[in-house]
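# Survey of secondary and tertiary structure
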Amino acid sequence: MSMPRIFLVGFMGAGKSSVGASLADRLSLGFIDLDGEISRRLGAPIPEIFARYGEETFRATETDELARCADLADIVVATGGGAFCSDANRDVIHRSGGVSVFLDLPWAVLRQRLLRDHSDRPMYDDTNQARLLFEERLPHYTCASVRVSLAGEEHPDEVAERVMAMLREAPCAI
Ligand code: S3P
């Protein structure tokens, strides 16, 4: 199985970072959390970046860091919820031979998770706004090479196993 670059995509709260870390571990690949790279580069946590520099600067840095990841080999990248919603970012991922994996969770599960944990998420205002954003973004996420439909109760390790099984079957990943 040759899978040099895997990009996990999906909405806020889908578990991209925890699944990404587990997947990288299982496949003995490096793990990169794209938001972590952006924070390091701009020297501030994500909410502060939005507050201090605005979304535009965040997105430009996200695109830059994504392009840097696309040049690396043997990695799993957990992207932020908005990264895959830009045509340019999707192009960078797919032209690099990267495989994108959409972690597809029901809105009801995401809603609950975000209600509990939204303080560090500047793109979240309230449930109604987040639902509209989710619906707007869904068509972008479905452009991913692989879509993993989840109930939301699965442990990240179990999701990682599911992703691996699907990648083994996906012609684009072999
Ligand atoms: C964002 C999601 C966040 C982070 C930033 C913007 C978005 O990542 O990249 O706050 O636009 O949905 P998570 O999906 O890990 O919360």
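The following paragraphs examine the structure supplied in this document. (Residues numbered from 1 in each chain as written. Predicted model: local features only at pLDDT ≥ 70, side-chain atom pairs only at ≥ 80, totals over all residues. Heavy atoms only, no water.)

## Quick notes on the pattern of salt bridges
Taken as a whole, this structure holds 16 salt bridges when the rule is applied. Across the pair R40 and E37 runs a salt bridge, and its minimum N-O distance is 2.6 Å. Of the two residues, R40 and E37 are both situated in helix α2 (residues 34-42); the distance of 3 residues between them amounts to about one turn of the helix. The class for R40 is exposed, based on a relative accessible area of 61%. A salt bridge links E55 to R59; its shortest N-O distance comes to 2.9 Å. Of this pair, E55 and R59 both sit in helix α4 (residues 55-70), separated by 4 residues, roughly a single helical turn. Through salt bridges with shared partners, a single network forms among E37, R40, R41, D64, E65 and R68. (Salt bridge = Lys/Arg side-chain N within 4 Å of Asp/Glu carboxyl O. Helix = DSSP H or I, 4+ residues; strand = E, 2+ residues; numbered from the N terminus. Buried < 20%, exposed > 50% of the residue type's maximum accessible area, 1.4 Å probe, protein only.)

## A few points about the site of the ligand
In the neighbourhood of the ligand, 13 residues make up the surrounding shell, with K16, D35, R59, R121 and R137 lying closest. Between an oxygen atom of the ligand and a side-chain N or O atom of D35, the distance comes to 2.8 Å. The contact in question runs from an oxygen atom of the ligand to an N or O atom on the side chain of R137, over 2.6 Å. Burial of the ligand by the protein chains amounts to 93% of its free accessible area of 390 Å². In the shell around the ligand, the residues fall into 5 nonpolar, 3 polar and 5 charged. (Near = heavy atom within 4 Å. Polar contact = N/O pair within 3.5 Å; in protein donor to acceptor, adjacent residues only side chain to side chain. Areas by Shrake-Rupley, 256 points an atom, 1.4 Å probe, with all protein chains shown as cover. Nonpolar A, V, L, I, M, F, W, Y, C, P; charged D, E, K, R; others polar.)

## Focus: helix α5 (residues 87-95)
Buried within α5 are the following residues: N89, R90 and I93. What you see down the axis of α5 is that its buried residues fit within an arc of 100°, all on one side. Of the exposed residues in α5, the ones pointing more than 90 degrees away from its buried face are D87 and R95. Along its buried surface, α5 packs onto β1 (5-9), α4, β4 (99-104) and α7 (127-141). Remark: G97 follows α5 within two positions and exhibits a positive phi of approximately 85°. (Arc of directions from axis to C-beta. Contact = heavy atoms within 4.5 Å.)

## Focus: the side chain of S22
By the element assignment, S22 lies in helix α1 (residues 16-27). Once residues lying within four places of it in the same chain are set aside, the contact partners of S22 are P156, D157 and A160.

## Section: the side chain of R5
Locating R5 in the fold gives a position in strand β1. D71 is the oppositely charged side chain nearest to the buried, salt-bridge-free R5, at an N-O distance of 6.2 Å. A distance of 3.1 Å separates a polar atom in the side chain of R5 from the backbone oxygen of A70. Those residues in contact with R5 that sit more than four places away from it in its chain are C69, A70, D71, L72, A73, I75, S96, G97, G98 and V99. (Lys, Arg positive; Asp, Glu negative; His and termini not counted.)

Note that every value here comes from positions in space, so none of it alone points to a role or purpose.
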